[in-house]
Amino acid sequence: SSSSRDEAVRDKRARILSRGLPKQKPIEGVKQVVVLASGKGGVGKSTTAVNIALALAANDSTKEVGLLDADIYGPSIPKMMNLKGNPELTPKNLMRPLKNYGIACMSMGFLIEETAPVVWRGLMVMSAVEKLLRQVDWGQLDYLVIDMPPGTGDVQLSVSQNIPIAGAVIISTPQDVALLDAHKGAEMFRKVHVPVLGLVQNMSVFQCPKCKHETHIFGADGVRDLAKALGLDILGDIPLHVNIRETCDSGQPVVISQPQSDA
């Protein structure tokens, strides 16, 4: 019958399409992977990723946490985590992560000079991402936090299709142009069947240190409105505060250096 023929054609098409996708394989020793993403650059994603990794460890001292910097062109984790040097190799030729504040870290920034630009085409970037995912000896981790590059390109797709991901967190400022890209980021993860755990509204409000007047420099509640439209949770609001920026720039993130502060 025509219906059974149609079904056979659909099955064949699905088999052909599935051949092109890599089989998802867990990272050895890693229980849960959480990716931190943003559609747009400059919204504080890496700062948030670093502080979330430190907060996960601080929240439960029995948990082992790792941090992977998947931003090949602009790695910022080494500076924020105050780490320098080349990873040692294990007898199995795997890279050992560098460690600070109890967090195991791996980044392209450990493999190149700090000021050296990565002038690579897509295939070389994908090869580097594959090595960072598969050729690192993480030991035993409860959580691996992955700081994604901005956008919805090759790296995001490759990571999403190669490893099982427990969930994605989208970082955005309340500004309209950032929200457009955050929306795209959330939709991309839905298309590749990665659960979006929620959105974080960064740089939500600025409080004058002298008069305490609050100003919504990038707009008010834009991320909340987007979360409502997408049926997602808001995981938190992070203020625009000089301490958050200064502590990350100095390699002493606010969660570790000022754990009692409002920020």
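To keep things clear, this report deals only with the structure shown in the data block. (Residues numbered from 1 in each chain as written. Predicted model: local features only at pLDDT ≥ 70, side-chain atom pairs only at ≥ 80, totals over all residues. Heavy atoms only, no water.)

1. Description of the nonpolar core
What counts is decided by this rule: Take the buried residues of types Ala, Val, Leu, Ile, Met, Phe, Trp, Tyr and Cys, join any two whose side-chain atoms come within 4.5 Å, and each joined set is a nonpolar core. Categorising residues by exposure relies on relative accessible area from a 1.4 Å probe, with only protein chains included: less than 20% of the type maximum marks a residue as buried, more than 50% marks it as exposed, and the intermediate range marks it as partly exposed. Throughout, a residue-residue contact means that at least one pair of heavy atoms, one from each residue, lies within 4.5 Å.
With 66 residues, the main nonpolar core has Trp138, Ile146, Val159 and Phe189 as its most contacted residues. With residues up to four places along the chain from it excluded, the contact list for Ile146 reads Val33, Val34, Val35, Leu36, Leu68, Ala70, Leu133, Val159 and Ile163.

2. Here's the deal with the sheet that holds strand E5 (residues 141–147)
Stated formally: Between any two strands, pairing holds if DSSP finds at least two bridges. Only DSSP runs of H or I covering at least 4 residues are called helices, and only runs of E covering at least 2 are called strands; the numbering of each starts at the N terminus. Interaxial angle, 0 to 180 degrees, is taken between N-to-C directions of lines fitted to C-alpha atoms, where a helix line uses only the stretch in contact.
Across the sheet, which stays open at both edges, the eight strands sit in the order E3-E4-E2-E5-E1-E6-E7-E10 with mixed pairing between neighbours. Since the sheet does not close on itself, it has two edges, and those belong to strand E3 (98–100) and strand E10 (234–238), each with one partner. Each strand axis lies, on average, 25° off the axis of its neighbour in the sheet, ignoring direction. When strand E1 (residues 30–37) meets E5, the two strands line up parallel, connected through six bridges. Across the sheet, residue Val34 finds its bridge partner in E5, namely Val145.

3. Thoughts on the state of the cysteines
In plain terms, the rule: Note on terminology: disulfide denotes any pair of cysteine sulfur atoms within 2.5 Å.
The final tally for this structure, using the stated rule, is zero disulfides. Counting only cysteine sulfurs, Cys208 is the nearest neighbor of Cys211, a cysteine outside any disulfide, at a range of 3.6 Å. For Cys211, a relative accessible area of 53% corresponds to the exposed category. Of all cysteine sulfurs, the one in Cys105 lies closest to Cys248, which takes part in no disulfide; the gap is 12 Å. According to the relative accessible area criterion, Cys248 is buried, its value standing at 2%.

4. A few points about the side chain of Asp147
To keep it simple, the criterion reads: Polar contact is defined as a pair of N or O atoms within 3.5 Å, subject to the rule that within protein one atom must be able to donate a hydrogen and the other to accept it, and that residues adjacent in sequence are counted only when both atoms are side-chain atoms.
Checked against the element boundaries, Asp147 lands in strand E5. At 2.9 Å, the side chain of Asp147 and the side chain of Lys45 are in polar contact. Not counting residues up to four positions away in its chain, the partners in contact with Asp147 are Leu36, Lys45, Ser46, Ala49, Leu68, Asp69, Ala70, Asp71 and Ile77.

5. Brief notes about the packing of helix H6 (residues 176–191) against helix H7 (residues 222–230)
The cut-off we apply is this: Angular relationships are summarised with four words: roughly parallel below 35 degrees, roughly antiparallel beyond 145, roughly perpendicular across 65 to 115, and oblique for the angles in between. By definition, turning the near helix anticlockwise from the far helix through less than a right angle yields a left-handed crossing, and turning it clockwise yields a right-handed one. Residues are sorted three ways: Asp, Glu, Lys and Arg are charged, Ala, Val, Leu, Ile, Met, Phe, Trp, Tyr, Cys and Pro are nonpolar, and all the rest, Gly among them, are polar.
For the pair H6 and H7, the least separation of the axes is 11 Å and the interaxial angle reads 30°. Between H6 and H7, the interaxial angle falls into the category roughly parallel. The handedness of the crossing between H6 and H7 comes out as right-handed. Judged by residue contacts, Leu179, Ala182, His183, Ala186, Glu187 and Arg190 of H6 engage Gly222, Val223, Leu226 and Leu230 from H7. A class-by-class count of the residues in the contact of H6 with H7 yields six nonpolar, two polar and two charged.

6. Here we look at the side chain of Ser107
Within the element layout of this structure, Ser107 appears in strand E4 (residues 103–107). Owing to a relative accessible area of 0%, Ser107 belongs among the buried residues under this scheme. A polar contact of 3.1 Å, which involves the side chain of Ser107, links it to the side chain of Asp69. Not counting chain neighbours up to four residues away, the residues in contact with Ser107 comprise Asp69, Pro75, Pro78 and Leu132.

7. Topic: the layout of surface pockets
Rules: Buriedness of a pocket was judged along seven lines, with at least five required to meet protein on both sides within 12 Å; pockets are open sets of points on a 1 Å grid over the protein atoms alone, cavities are sets where a 1.4 Å probe fits but cannot get out, and lining residues have an atom within 4 Å of a point. Grid points are joined across faces, edges and corners, and a volume is the space filled by probe spheres set on the points.
Considering only enclosed or pocket space, the largest pocket measures out at about 470 Å³ in volume. If you trace the largest pocket, you find 21 residues lining it, with Pro78, Leu83, Lys84, Gly109 and Glu114 closest to the centre. Along the lines of polarity and charge, the residues of the lining of the largest pocket split into nine nonpolar, seven polar and five charged.

8. As for the pattern of salt bridges
Quick note on the threshold: Definition used for salt bridges: Asp or Glu carboxyl oxygen within 4 Å of a side-chain nitrogen of Lys or Arg.
Inspection of every chain in the model, using the stated rule, returns ten salt bridges. Between Asp181 and Lys184 there is a salt bridge, with the nearest N and O atoms lying 3.6 Å from each other. Taken together, the residues Asp181 and Lys184, both in helix H6 and three residues apart, mark about one turn of the helix. Overall, Asp181 belongs to the buried group, its relative accessible area being 18%. Between Arg190 and Glu187 there is a salt bridge, with the nearest N and O atoms lying 3.8 Å from each other. On the criterion of helical spacing, the pair formed by Arg190 and Glu187 is a turn pair, its members being three residues apart in helix H6. Note on Glu187: relative accessible area 31%, which makes it partly exposed. A network of salt bridges, in which partner residues are shared, links Lys40, Asp181 and Lys184.

9. Some points on the pairing of E5
Across the seven residues of E5, six count as buried, placing the element largely inside the fold. By the bridge criterion, five bridges tie strand E2 (residues 65–69) to E5 in an arrangement that is parallel. By the bridge assignment, Asp69 is partnered in E5 with Asp147.

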